[in-house]
Amino acid sequence: SPPFCSPRPWPGLRLSGVLEGLSHALDLTEGHPRGHATRSSLIGLRIGQALGLSPVDQTELLYALLLKDAGCSSNAPVVHDLFGGSDHEVKRAVWLRDWRRVPEQLAYAWQYVGKGSTFVSRLRRFGRFALLGPRGSGERIFTVRCERGAEIARMIGFSERVPDAIRAMDEHWDGGGYPYGLRRDQAPLFARIIGLAQVMEIFWGDGGPAHALAVARERSGRWFDPDLVDALDDLEHDSRFWTRLGTARLDEDVLALGPSELEVAADDGRLDRIADAFALIIDAKSPFTFDHSRRVATYALAINARLGQAGVDAVRLRRAALLHDLG
């Protein structure tokens, strides 16, 4: 918290509500339709409840779900270096394939490596990609994303369970995931829930509930913890859940499942840490914008100080400057 800001509570403002609003920017950065994180949170919390997680565990799981893509902008330069072109399309497409299978890897790479460039240019880039190999390229992409996401969660002030979950959310049950090849319960339970929930949301959007459940079951024991997939049985026949998923809102749907009395209040100190953290997320999109938002905030506050009585509230000005490139 900056020295000029003394923490004060904002009545009725819950931390999860702030994070849910900001998560829409993360959805777009990762190439997902708006509301992906909200819907993933809804699925993940239902899985957690089916497992009998305590109210405290459900609250921390919710924070991890909402921040799961906090590191997504950090790997944009890496994705562009490997594939060329827009990173949004490349990122979204990888989730729609079982990239653990070699034919799927080759089809994906050939479709997106150097897409839109000349044939010769594509061959050169494809050669570089092939030399690095699927495992090497995957480690580059996922390590940056997962480690930066964990760092962001730690900056905001969550317990280590939240960054630990984000760091390991792309690991797979059989050890074939990224970035560290963790097997079985070497990955925290929260991470395993996030991994299943985010993939189910993506395939729900691609083909509806039946498609999402079919993918989860087909990948059980490889990608996903079989016990978590078994916990989906109750969800399969809940038509109201799947219907409302299309218009899911955190305040009306997700928060109704979570224990509101255990949530962290969004006071001024916490809001400042969120603004600082999301400024890093924004600036990580390009190596040319590193620390840009913080410098804009510094200049804006200096101008505001010169205005004296004609100036505006410094705390809100600083937050606005830090988040000015959120779009």
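Each chain carries its own residue numbering, running from 1 in the direction its sequence is written. Local features are withheld for residues below a pLDDT of 70 in this predicted model, meaning they are given only at 70 or higher, and side-chain atom pairs are given and counted only at 80 or more; totals for whole chains, interfaces and linings count all residues. As a convention, hydrogens and water are excluded, and side-chain values are obtained from all of the structure's heavy atoms.

With that settled, the discussion passes to the overall build of the chain. Helix and strand counts for the chain stand at 16 helices and 0 strands. Here's how the labels work: a residue is buried when its accessible area is under 20% of the maximum for its type, exposed when over 50%, partly exposed in between, all with a 1.4 Å probe on protein chains only. Taking all 327 residues of the chain together, the buried fraction comes to 52%. A contact between two residues is defined here by any heavy atoms of the two lying within 4.5 Å. For the chain, contacts bridging at least 24 residues in sequence account for 71% of all contacts bridging at least 6. All accessible-area figures derive from a Shrake-Rupley calculation using a 1.4 Å probe, and residue coverage is judged against the displayed protein chains alone. Counting only carbon and sulfur atoms, one obtains 57% of the accessible surface of the chain, whose full area is about 14,500 Å². Put simply, DSSP H or I for four residues or longer makes a helix, DSSP E for two residues or longer makes a strand, and each gets a number counted from the N terminus.

The subject of this paragraph is helix α1 (residues 15-29). Residue pairs three or four apart in sequence face the same way in an α-helix, which turns once every 3.6 residues. How far a helix is expected to stretch is found by multiplying one less than its residue total by 1.5 Å. Look at α1: 21 Å from first C-alpha to last across 15 residues, which is about the 21 Å you get at 1.5 Å a residue. Bend, at a single residue, is the angle you get between axes fitted to the 7 residues ending at that residue and the 7 residues starting at it. In the structure, α1 departs most strongly from a straight axis at L22, where the bend amounts to approximately 30°. Looking only at α1, the buried set comprises L15, S16, V18, L19, E20, L22, S23, H24, A25, L26, D27 and T29. A positive backbone phi angle near 90° is found at G31, which sits one or two residues after α1.

On average, residues of the chain carry a pLDDT of 81, and 73% of them reach 70 or more. The lowest-confidence element of the chain is helix α13 (residues 250-257), averaging 58 in pLDDT; the highest-confidence one is helix α10 (residues 226-230), averaging 95. Residue-level confidence of the predictor, termed pLDDT, takes values from 0 up to 100. Contacts for the low-pLDDT stretch residues 1-6, under 50 throughout, to residues beyond four places or in other chains number 14 contacts.

Two rings belonging to Phe, Tyr or Trp (six-membered ring only in the last case) form a pair when the distance between their centres is within 6.5 Å. Interplanar angles under 30 degrees mark stacking, angles over 60 mark edge-to-face geometry, and anything in between is tilted. In this structure the tally under the stated criterion is 3 aromatic pairs. Centroid distance W223 to F224: 5.9 Å. Interplanar angle 65°. Geometry classified as edge-to-face. On the accessibility criterion, F224 (5% relative accessible area) is buried. Their ring planes at 85° and their centres at 5.2 Å tell us that F241 and W242 sit as a pair that is edge-to-face. With respect to burial, F241 and W242 carry one shared label: buried. Residue placement shows R219 over the ring face of W223; its charged tip is 4.1 Å from the ring centre. Note on geometry: a ring has a charge over it if NZ (lysine) or CZ (arginine) is within 6 Å of the ring centre and within 35 degrees of the ring normal. Its end group placed over the ring of F158, R270 keeps NZ or CZ at 5.9 Å from the ring centre.

To continue, consider the pattern of salt bridges. Between Lys or Arg on one side and Asp or Glu on the other, a salt bridge is scored when a side-chain nitrogen of the former is within 4 Å of a carboxyl oxygen of the latter. Counted according to the given criterion, the structure contains 21 salt bridges. Salt-bridge contacts for D268 lead to R319; the nearest nitrogen and oxygen are separated by 2.5 Å. Residue D268 is found in helix α14 (residues 268-283), and its partner R319 is found in helix α16 (residues 314-322); the two are separated by 51 residues along the sequence. Using a relative accessible area of 1% as the deciding quantity, one classes D268 as buried. In this structure R319 comes out as buried when scored by relative accessible area, which is 12%. Linking R319 and D272 is a salt bridge whose minimum nitrogen-to-oxygen distance equals 3.1 Å. With R319 in helix α16 and D272 in helix α14, this pair connects stretches of sequence that are 47 residues apart. The buried category is assigned to D272, whose relative accessible area is 0%.

Take the packing of helix α15 (residues 292-307) against α16 next. To describe two helices that pack against each other, one gives the angle between their axes and the distance between the axes. For helices, the fitted line uses only the C-alpha atoms of the stretch in contact; every axis is such a line through C-alpha atoms, and the angle between N-to-C directions lies from 0 to 180 degrees. In contact at an axis separation of 8 Å, α15 and α16 are set at 150° when each is read in the N-to-C sense. Considering their axes alone, α15 and α16 lie roughly antiparallel with respect to each other. Between α15 and α16 the crossing geometry is right-handed. Across the interface between the two elements, S293, R294, V296, A297, A300, L301 and N304 of α15 pack against A314, L317, R318, A321 and L322 of α16. Side-chain classes follow a simple rule in which Ala, Val, Leu, Ile, Met, Phe, Trp, Tyr, Cys and Pro form the nonpolar group, Asp, Glu, Lys and Arg form the charged group, and the remainder, Gly included, forms the polar group. Of the residues belonging to the contact of α15 with α16, the class tally is 8 nonpolar, 2 polar and 2 charged. Here is the rule for angles: anything less than 35 degrees is roughly parallel, anything more than 145 is roughly antiparallel, 65 through 115 is roughly perpendicular, and the remaining ranges are oblique. Each helix crossing is assigned a hand: it is left-handed if the near helix lies turned anticlockwise from the far helix by less than a right angle, otherwise right-handed if that turn is clockwise.

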